[in-house]
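Observations on the three-dimensional arrangement
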Amino acid sequence: MTDFDKYLEEAVTKDLPSSEDEADIKDEDTCSIQELAANFRLQYKPQDESVVSLKRDYVLSLGADHRFTRIAAGLSSTAVHIYDLETAGGLKTLQDVPAKEKTETGATICGVQFLDEGSDALLVGTTDGMVRLFDLRTSGEQARFEYQSDPEAQFPQVPKSLTCFDRNANSRIICCGTEQYIGSVHLLFFDVRERKQLGGFYESHQDDVTSVRFHDRNPDMLCTGGTDGLINLFDIKQTDEDEALQITINTESSVHRLNWHRNVYDKDIISCITHTNDFKSYECEEGDEVASFERSDITEAIRRKNAGNFNLINAHNLEDNGVFLLAGTNYNRGEILRSVSVLSKEKLEPLANFAGNKQIVRDSLFDAKRQLLVTGGESGIVSVWTQDATGNVSNSGKLKTKIKSHKKTPY
């Protein structure tokens, strides 16, 4: 037995609650092995893997630098592992950002982000209410962004808890989302260069904020989502919250994860993964629905029978502006990991099968240029996936798919 296999065996015996500890619901593929290979034209294999901890720490958040040459893996312990990602997909351990001292709140990671186009400045968010800035060329914390209530400046009292954060396209502004507190929900803003808080928006959400995402090119465009089911689009050049709020979309669900995309007409699209594992996407200008698939639809598309096992992990962009969904299951400690293309409002198509997955995946990154996927999850493994040319039905090079825009209001 290898050390890696021993780790996986020991990890299952720990007492930490996990979806891996739940009893398997009976599940199986809806087609034969031969049909599966024909349906999923791309086969991926683990190019490299790294176990981040022997203490059953989850990998909850992944971040990549601008060139996709450095990976940060944020753990449930609040520690962060830094890797250099080699051209062929190999992982080289670079250094660790140590875990915070234990607090009464039991803080964990709520996000990791490289700050600018370089690979040395790293932002680490934790649920005890702060985002810390590290310079990976030196040791220790460089700055700390933590909200301070100030009645004289009309900064209201907010909880010492963050749920998510993001930095904008020019790395000047950080936005953090909070849980509901005394009937209010907060979007908090900080100036990175000036190392100061800028205030916040307090009226646009009615329940916990779960996702904040700045546009990848426009530093003033921000979308936010929460368990109230709302997606809000802001222009943060406007300091007044009412003027900043451009549009509100009601998903009629609970928002888990938001992402930015562009359609074939180069118009901005916001996608939403819900807490019930459904997928929705909307055109930004009017909030018109572009695509909507229920959990059962995506389960069928990845050729599995039981939607009760299904997890929708992420939505990723391809080089031609197409979108694919990464999906997994809880079955057998997450061994099923597959992706499907979003071809139109009505159609999903099987795309890739990731054979040999060893964990329930919590987060993922995709490098469209190299068609390389990085995953992290509940067994504390960072995996790098590359295409297996020998197993691909059609080894024609680039992944291509198109998402079509349809004008239809979601209300």
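Everything below is about the structure shown above.
This is a predicted model, so every value here is computed, not measured.

Some thoughts on the nonpolar core
Phe279, Ile298, Leu325, Val342 and Leu348 are the most contacted members of the largest nonpolar core, which has 19 residues in total. If you list the elements that add at least two residues to this core, you get strand S21 (289-293), helix H4 (295-301), strand S22 (310-317), strand S23 (323-329) and strand S24 (337-342). Within the second largest apolar cluster, 17 residues are counted, among which are Leu115, Val158, Ile174 and Phe190.

What about unusual backbone geometry?
Although it is not a glycine, Arg56 sits at a positive phi angle of roughly 60°. Within the fold, Arg56 resides in the loop between strand S1 (42-51) and strand S2 (59-64). Judged by relative accessible area, which is 2%, Arg56 ranks as buried. Backbone geometry places Phe68, a non-glycine residue, at a positive phi of 60°. Considering the arrangement of structural elements, one finds Phe68 in the loop between S2 and strand S3 (70-75).

Here's the deal with the sheet that holds S21
Read from one edge to the other, the open sheet built from four strands follows the order S18-S19-S20-S21, with strand pairing classed as antiparallel. With one partner strand each, in any of the chains shown, strand S18 (255-262) and S21 form the two edges of the open sheet. Between one strand axis and the next, the sheet turns by 15° as a mean value, whatever way the strands run. In the sheet, S18 pairs with strand S19 (residues 268-274) via seven bridges, with the strands oriented antiparallel. Note on S19: the bridge partner recorded for Asn259 is Ser271.

Thoughts on the side chain of Thr78
Within the secondary structure, Thr78 is located in the loop between S3 and strand S4 (80-85). At 2.8 Å, the side chain of Thr78 forms a polar contact with the backbone nitrogen of Lys100. Beyond its immediate chain neighbours, meaning those up to four positions away, Thr78 contacts Pro98, Ala99, Lys100, Ala107, Thr108, Ile109, Thr126 and Arg132.

Some details on the sheet that holds S24
Pairing in this open sheet of eight strands is mixed, and the strands run S22-S23-S24-S25-S1-S28-S27-S26 from one edge to the other. The open sheet is flanked by S22 and strand S26 (361-367), the only strands paired with a single partner. The average undirected angle you get between the axes of adjacent strands in this sheet is 30°. For S24 and strand S25 (residues 348-354), the ladder comprises five bridges, and the chain directions are antiparallel.

Things to note about the pattern of salt bridges
When the charged atoms of two side chains lie near each other, side chains of opposite charge can form a pair. Inspection of every chain in the model, using the stated rule, returns 21 salt bridges. For the salt bridge of Arg172 with Asp191, the shortest nitrogen-to-oxygen distance reads 3.0 Å. With Arg172 in the loop between strand S10 (164-167) and strand S11 (173-177) and Asp191 in strand S12 (residues 187-191), this residue pair connects regions lying 19 residues apart in the sequence. You can call Asp191 buried: its relative accessible area is 6%. Overlapping salt bridges bring together Arg70, Asp84, Asp120, Asp135 and Arg137 as one network.

Procedures and definitions
Residues numbered from 1 in each chain as written. Predicted model: local features only at pLDDT ≥ 70, side-chain atom pairs only at ≥ 80, totals over all residues. Heavy atoms only, no water. Core = buried A, V, L, I, M, F, W, Y, C linked by side-chain atoms within 4.5 Å. Buried < 20%, exposed > 50% of the residue type's maximum accessible area, 1.4 Å probe, protein only. Helix = DSSP H or I, 4+ residues; strand = E, 2+ residues; numbered from the N terminus. Pairing = 2+ DSSP bridges. Axes fitted to C-alpha atoms, helices over the stretch in contact; angles between N-to-C directions. Polar contact = N/O pair within 3.5 Å; in protein donor to acceptor, adjacent residues only side chain to side chain. Contact = heavy atoms within 4.5 Å. Salt bridge = Lys/Arg side-chain N within 4 Å of Asp/Glu carboxyl O.

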